Structures are given as C-alpha cells and as structure tokens.
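The residues making up each chain are set out below.
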Amino acid sequence: MTDNIFIQTENNDKLKEECGVFGVYDFDGHDVASTIYYGLLALQHRGQESCGIAVSDTNGPKGKVLSSKDMGLVNEAFTPEQLEKLKGDIGVGHVRYSTAGGSTRENAQPLVLNYVKGTLGLAHNGNLINAPELRRELEYTGAIFQTTIDSEVIAYHIARERLNSKSVEEAVGRAMTKIKGAYSLVVMSPRKLIGARDPYGFKPLCIGKRDNAYFLSSETCALDTVGAEFVRDVLPGEIVTISPEKGIESDTTHVLKPAETARCIFEYIYFARPDSFIDGVSVYDSRILAGKFLAMDSPVDADLVIGVPESGNCAAMGYSMQSGIPYGMGFVKNAYVGRTFIKPKQKSRESSVQVKLNPIREAVEGKRVIMIDDSIVRGTTSDRIVKMLREAGAKEVHMRVSSPPFLWPCYFGTDVPARDQLIAYNRSIKEISDLIGTDSLDYLKIERLEELVGGNLGICKGCFTGKYPMEPPAEDIRGEFDK
C-alpha cells in the first residue's frame, strides 16, 4: 500500500481528542476484522491521524496475532484484501490523534506485545500523567521502547505484572495501581477481551452485544453502526473481562465513590458524536441544553441563529428553541477535508479555514446573526469566521460559546495548550470580543456544566478552573502540539 502523506494544517483552533478504542470477541468463532473496521469508521471523529486493527484466533496457535496499522483515515488505511487476511475471532482496533508522542507510524495502535506468558494486544484512549517517570523506571531495568507513547508504558506494566499474577485481568488491576491519569483500555489476551477505565472515568467505555459476540467501545454510536445492542457502560475504575466460559466478569476494586469521579466534560460538549450516550446521558441532549442555557443567560436581539459546523449545530438549535429566533444553516462545510490536509502556502490566497467552511450569503446577508461554537482556544479561527460572515453581508455578528473560557491546560488527553496560548488568559470577554471582531460575545456559565449531564455525574472542569481531580504533573507530559 502506498504511504499516506499528511501535512498538518495550521492550528484550526479546535480541540483534539486523543483516541477511540474498539474491541470484539465473537464466541461463535467468526472473523471480526471487518466488524472492527466499521466500528472504527464510526469512531473516526476521535482520531484522524492513524489507525490499526489487531486480531487473534482463539482456536489457533496461542499467541499468534495478526495486525495492520497505518497513518491516515480508516477507509484509506485498510483495503478489503487486507481485512480478509486478518483472520481471528477476537480483536482490538484504534483510531488516534496524538496529544503526547509524535505523529509517526510507530506510534499507531493497537500495540502488540510478545512476552513470556504469550501475547497482548492493547488499545488506549487517554493520557498518563506519570508516564515519564514510569518509562525511566522501566528503561533502568532494561526495557527497550519501540514507540514514544505512554500506551507502551501501560503494556509493559501489564506484561510485567502478569508474571506474578494468576490471570491477565489481575495483571491489569495491578498495573492500574501504578499508572495515573486518564485511560480507557481494551486489552486482547489469547483467550480474553478485557476493558478497563481509570477510576475518575475521564474517558468513556461501554459494552455491547450482538448474537454471540461481545463488544467494547469508546462510544455507543459504534455499537449502533455494527448492529450491537448496548449492554452498559464500564464503570469508572472497573475492569471487565469477557470470555466464553464466564461471559462478563467485573472487578470493582478500583471504583471510587460517584462524587469523586471526573468525566471530561468535553465529551458532551464536543468530542463525542451527538448520537452517542455516555454514562447514561445523551450527548445530543447535553448540547441542546447548552444552547438553551446560553439563550437564557446571554440573550441578544437577532434575526438568525447559526452553528459553526458540526460541533456548534446542536447548541445553535437549543439557542433557537429557547429564544424563538429562527435557526438556519449559515455555513457549508467541506466534508472531504479532515483535520489534517496539505496546508496552503503562506503566500497563496487560499485560507485553510475557508477550504473547510464557507458562509452562505443568501442566509446571512443583511441579518443580525448569532453564531454558536463549542469553544474558543487560541482565537485564530474565530476571527476569520467572523470576518467571513461580515464579508458575506451579515449586519451584526454575536458569538455565543457552549463552554466556559479556557484558562488552564489539560493533562488528561485533550490538547488544551499552555496558558500563554489561550486567548482567554489575562483577557476580559470584551477584549476577546474586540480581538475576534464580534458585536458581542459570551460563554456558558461554569455553574451550568453539571446541569449539562443531569446534575449527578462527576465531571472534570480543570481547563476552566485550574482545579484538577488529581495533582497535575510537575513536568509537561503533553508532547509537541501543532502551534
């Protein structure tokens, strides 16, 4: 297969999530690679940089794993011929965007580890905050790393703990006592599929079932895609083990009290697909609610409410429902441009923002427009979008944001950058409004965040408040983000 070459665009001022994970064990012995492929297609929004599938035949030679991974999108990385060669009834898949560790083929997942007790296939979503120290500790005892990602640190620890454990799930539990941070894991051993979620529940993970096959997935939308029924969410801190002999087993040793959990609120605001449910809460409902809250708390006279596609659309609908101001389509989004594409040269007239989005003049001309987006990070894109609306004839542009202002970096798998790169740091809302050229600007109130998820789920608000669920790392573990 030819190499996929991607050139990262200038930062498009959107947050990026680290990864999506998907696992299947078909107790009837059917091949699962094509099912994983469709699951990954449904999770493509969680990572568009690299992807991979690893499978094993539980009735074949123990420890034989077939895998394929590449840079780029799922439908570019796999051909029908490749999927046909991936024979196995148990498997894991992964889509990745790097927030720590570089963008290289070596860092693509799943990771496959051969060791004394057999083989492990591992897919990880999240970020460890103690990965550097764990890595150094392992290197001093002779470990040789093939990648620069923290997922390999997790795989090594599981393999090491397996030497002194009765089972692979016990080894996962022991490894969990050492690793700190955000992680949802799907682990394939020769005869078991294991899912684990960090005790705070930063990242989502759920269980599905179709006939005699069991699934683990970052989001319920992928279960829908492959025709599986949702069974339940994996609890924060829970380890689930799936095998034909015992079905679903649960280990809740690491489970915290519900009030101590801290889900990433951006799953509900932006990362997850709106047709997913996370921990019993509809992502679509959360976004509609965010828009309604903005209309209640930050009303403005206008003729039209529009969303910045795609993530602003649901909140824009909610604003329209609450305010009675008509909702309209203000932009066309080029569906064929991913988060990585060849960047227009500095001297050329093409704008990377305009390659992705174009305003609809007939919709906005002569109108007072309320534009809803999910966040403003650096502000580099917002000012261009506002300018585009004005050039298309919008009389006024009022921006409403369905999250509070970013004031602190994130260490748990979301690439909120250092404080000095955040437009809201050391600036008033009026100053930000002047910088991006809006007639008015307002954000979702911090106290509304709990209401977005029903008022009874623990959430992380660290990027807004600087108060993290655990002590942040002393060293920056987040890697080099595109600036």
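What counts and what doesn't
Numbering of residues starts from 1 in each chain and follows the order in which that chain's sequence is written. Predicted model: local features are reported for residues with pLDDT of at least 70 only, side-chain atom pairs are reported and counted for 80 or more only, and whole-chain, interface and lining totals are derived from all residues. Based on all heavy atoms of the structure, the side-chain values leave hydrogens and waters out of the count. Side-chain atoms within 4.5 Å are what join buried Ala, Val, Leu, Ile, Met, Phe, Trp, Tyr and Cys residues into a set we call a nonpolar core. A simple rule labels every residue: compare its accessible area, found with a 1.4 Å probe on the protein chains alone, to the largest value its type can have, and call it buried under 20%, exposed over 50%, or partly exposed in between. Where helices and strands are cited, they refer to DSSP runs of H or I of at least four residues and of E of at least two residues respectively, numbered from the N terminus. In summary, the pairing rule links any two rings of Phe, Tyr or Trp, Trp by its six-membered ring, whose centres are within 6.5 Å, and it sorts them by plane angle into stacked for under 30 degrees, edge-to-face for over 60 and tilted for everything else. A ring is considered to have a charge above it if a Lys NZ or an Arg CZ atom is located within 6 Å of its centre and within 35 degrees of its normal. The pairing criterion for strands is at least two bridges between them, as found by DSSP. Every axis in this analysis is a line fitted to C-alpha atoms, fitted for helices over the stretch in contact. Angles between the N-to-C directions lie between 0 and 180 degrees. Angles are sorted into four bins: roughly parallel if under 35 degrees, roughly antiparallel if over 145, roughly perpendicular if 65 to 115, and oblique for all others. The hand of a helix crossing depends on one turn: near helix anticlockwise from the far one by less than a right angle means left-handed, and clockwise means right-handed. Throughout, a contact is declared for two residues whenever any of their heavy atoms are within 4.5 Å. Each residue gets one of three labels, nonpolar for Ala, Val, Leu, Ile, Met, Phe, Trp, Tyr, Cys and Pro, charged for Asp, Glu, Lys and Arg, and polar for the others, Gly among them. Counted as salt bridges are all cases of a side-chain nitrogen of Lys or Arg within 4 Å of a carboxyl oxygen of Asp or Glu. Helices are assigned an expected span. That span is 1.5 Å times one less than the residue count.

Trainee: What is the right way to read the nonpolar core from this model?
Mentor: Taken as a class, soluble globular proteins show a tendency for nonpolar side chains to be buried jointly. In this structure, I265, F266 and F412 are the most contacted members of the largest nonpolar core, which totals 47 residues. Elements supplying a minimum of two residues to this core: α8 (266-271), α9 (283-297), α10 (313-323), β20 (368-373), α15 (449-452), β23 (459-460) and α16 (462-465). By size, the runner-up hydrophobic cluster in this structure holds 28 residues, among which are L120, Y156, A159 and Y183.

Trainee: When you look at the packing of aromatic side chains in this model, what are you seeing that I'm missing?
Mentor: The description of an aromatic ring pair uses the distance of the two centres, along with the angle that the planes make with each other. Counted by the stated rule, this structure contains 15 aromatic pairs. Here Y200 and F202 contribute two aromatic rings whose centre-to-centre distance is 5.8 Å and whose plane-to-plane angle is 45 degrees, an arrangement assigned as tilted. A single burial state applies to Y200 and to F202, both of which are buried. With a centroid separation of 6.0 Å and 50 degrees between ring planes, the pair formed by F266 and F271 is classed as tilted. Summarising the burial analysis for this pair, F266 and F271 share the class buried. Through successive ring pairs, a cluster of aromatic residues spans Y200, F202, Y411, F412 and Y468. Here the guanidinium or amino end of R135 rests over the ring plane of F145, the centre of that ring lying 4.1 Å away.

Trainee: So what exactly am I meant to see when it comes to the pairing of strand β13 (residues 247-251) here?
Mentor: Two faces belong to every sheet, and in a regular strand the side chains alternate between them. Bridge analysis of strand β12 (residues 239-243) against β13 gives five bridges, and the strand direction is antiparallel. The residue bridging I239 from the neighbouring strand is D251, located in β13. Here β12 folds back onto β13, and the loop between the two strands holds three residues.

Trainee: Whenever I open this one, the packing of helix α5 (residues 150-162) against helix α6 (residues 168-176) confuses me. Can you help?
Mentor: The packing of two helices is summarised by the inter-axis angle and the distance between the axes. The interhelical angle for the contact between α5 and α6, taken along N-to-C directions, is 120 degrees, at an axis separation of 8 Å. In terms of orientation, α5 lies oblique with respect to α6. For the pair α5 and α6, the crossing hand works out as right-handed. Contacts between α5 and α6 involve H157, I158, E161 and R162 from the first element and V168, A171, V172, R174 and A175 from the second. Among the residues making up the contact of α5 with α6, the classes are represented as five nonpolar, one polar and three charged.

Trainee: Would you mind showing me how to read the pattern of salt bridges here?
Mentor: Once the charged atoms of two side chains with opposite charge are near each other, the side chains can pair. On inspection of all chains with the given rule, the structure shows 24 salt bridges. For E249, the salt bridge goes to K246, with nearest N and O atoms at 3.9 Å. The class for E249 is partly exposed, based on a relative accessible area of 26%. Looking at K246, the relative accessible area reads 58%, which means it is exposed. Each of the salt bridges in this network shares a partner with another, and the network as a whole consists of E161, K166, E170, R174 and K178.

Trainee: I keep staring at α5 and nothing clicks. Help me out?
Mentor: Note that an α-helix has 3.6 residues per turn; residues three or four places apart therefore point the same way. The end-to-end C-alpha distance of α5 is 19 Å, a good match for the 18 Å that 13 residues give at a rise of 1.5 Å each. Most of α5 is tucked away, with 12 of its 13 residues classed as buried. Within α5 the residues assigned to the buried category are D150, S151, E152, V153, I154, A155, Y156, H157, I158, A159, E161 and R162. Of the surrounding elements, those touching the buried residues of α5 are β5 (111-115), β6 (118-128), α4 (131-139), α6 and β7 (181-188).

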